[in-house]
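# Fold and geometry: a report
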Amino acid sequence: NAINGSSSAKVPAEVAALWLPGCLPNLKDRIAVEQYLLQLKAHAEFDLPETKRRLWEVVEGGGYFAQEAATLLLRIERLPDPVWALDSRVQRVGFDNVRPAEQNVWIVANWFTFPIHTSGFDRFSVSYEANHLMRTMDALSVIGAKQTSDCLREWALLFGSEWPQDQYKRGEMVDEQSLKPAETWESIVERFHCTENVDLLNLKYQLSCADQFERTNSKS
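First, a word on scope: everything that follows refers to the structure included in this document.

Conventions and cut-offs
- Residues numbered from 1 in each chain as written.
- Predicted model: local features only at pLDDT ≥ 70, side-chain atom pairs only at ≥ 80, totals over all residues.
- Heavy atoms only, no water.
- Helix = DSSP H or I, 4+ residues; strand = E, 2+ residues; numbered from the N terminus.
- Buried < 20%, exposed > 50% of the residue type's maximum accessible area, 1.4 Å probe, protein only.
- Contact = heavy atoms within 4.5 Å.
- Areas by Shrake-Rupley, 256 points an atom, 1.4 Å probe, with all protein chains shown as cover.
- Core = buried A, V, L, I, M, F, W, Y, C linked by side-chain atoms within 4.5 Å.
- Polar contact = N/O pair within 3.5 Å; in protein donor to acceptor, adjacent residues only side chain to side chain.
- Expected span 1.5 Å × (residues − 1).
- Bend = angle between axes of the 7 residues up to and from the residue.
- Salt bridge = Lys/Arg side-chain N within 4 Å of Asp/Glu carboxyl O.

Each helix and strand in the protein chain was counted, giving 11 helices and 0 strands. Taken from the N to the C terminus, the helices and strands of the protein chain come in the order α-α-α-α-α-α-α-α-α-α-α. Along the first, second and third principal axes, the C-alpha set of the protein chain runs to 65 × 40 × 25 Å. Buried positions account for 45% of the 220 residues belonging to the protein chain. Of the contacts formed within the protein chain by residues at least 6 apart in sequence, a portion of 67% connects residues at least 24 apart. Counting only carbon and sulfur atoms, one obtains 50% of the accessible surface of the protein chain, whose full area is about 11,800 Å².

Below, the structure written as structure tokens:
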């Protein structure tokens, strides 16, 4: 099975459907949604189309576990993880040789969300990944994270009217001018009322452009 591995159980889809609740749980109820996703994982063995339909309901509804539901859909469709598996493909064939949608997802994951999650915004500002800030902002807009792209454009002005593409130059500016990139970013996000979940938007974009991605061999 696409989520749980192979199963010898054979249950008609119309019978298995009776095991699921009749409607979507309250997406603000963390425990209820967590239990619902566990039910859907099990249900995928008997009725994959219905599982996908319900997972999309969770994704579109937002709230708790929307990102996890999108990740499960990614696995069902055998699409590559945006950070690790897709990066392996980019490293293997070269960035210029992958499709436009692959490039956009890879840029957002590897030049924006992953470095920020792992090192924070202060380190991001002086990282190699931030050398490509202009392309990152374009990719963010493409995947639907327009607010985040606008905030990033505003944040970049902290370093002057023209973005310094050299990470060492940015490091010198941070030290010499006592810049506080993380604090500035937080204040801009608050001022713009930006609440976008970029990781979720990236997954949704990838799912919407599934035909532009190489399918993985594993279904587990």
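Still more ground to cover, so stick around.
Right, let's talk about the nonpolar core for a bit. Phe 121, Leu 152 and Trp 155 are the most contacted members of the largest nonpolar core, which totals 62 residues. Among the elements that line this core, the one with the most residues is helix H6 (residues 100-125), at 10 residues. For Leu 152, the residues in contact, after removing those within four places along its chain, are Phe 112, Phe 121, Leu 133, Thr 136, Met 137, Leu 140 and Trp 185.

In this fold, Asn 131 is placed in the loop between H6 and helix H7 (133-143). Within the structure, Asn 131 has its side chain in polar contact with the backbone nitrogen of Gln 167 (distance 3.3 Å). Ignoring sequence-local partners within four residues, the contact set of Asn 131 consists of Trp 163, Gln 165, Asp 166, Gln 167 and Arg 170.

In this model, H6 (26 residues) spans only 26 Å end to end at C-alpha, well below the 38 Å of a helix rising 1.5 Å per residue. Bending of H6 peaks at approximately 120 degrees at the position of Ser 119.

In total, this model carries 12 salt bridges according to the counting rule given. Put simply, Glu 102 and Arg 99 hold a salt bridge, and the shortest N to O gap is 3.6 Å. Owing to a relative accessible area of 0%, Glu 102 belongs among the buried residues under this scheme. Where Arg 99 meets Glu 214, a salt bridge forms, and the shortest distance between an N and an O atom there is 3.0 Å. Remark: Glu 214 occurs in the segment after helix H11 (198-208) and Arg 99 occurs in the loop between helix H5 (84-93) and H6; sequence separation between them is 115 residues. On the basis of relative accessible area, Arg 99 is assigned to the partly exposed category, the value being 31%. According to the relative accessible area criterion, Glu 214 is partly exposed, its value standing at 37%. Here the salt bridges do not stand alone but share partners, grouping Glu 50, Arg 53, Arg 54 and Glu 57 into one network.

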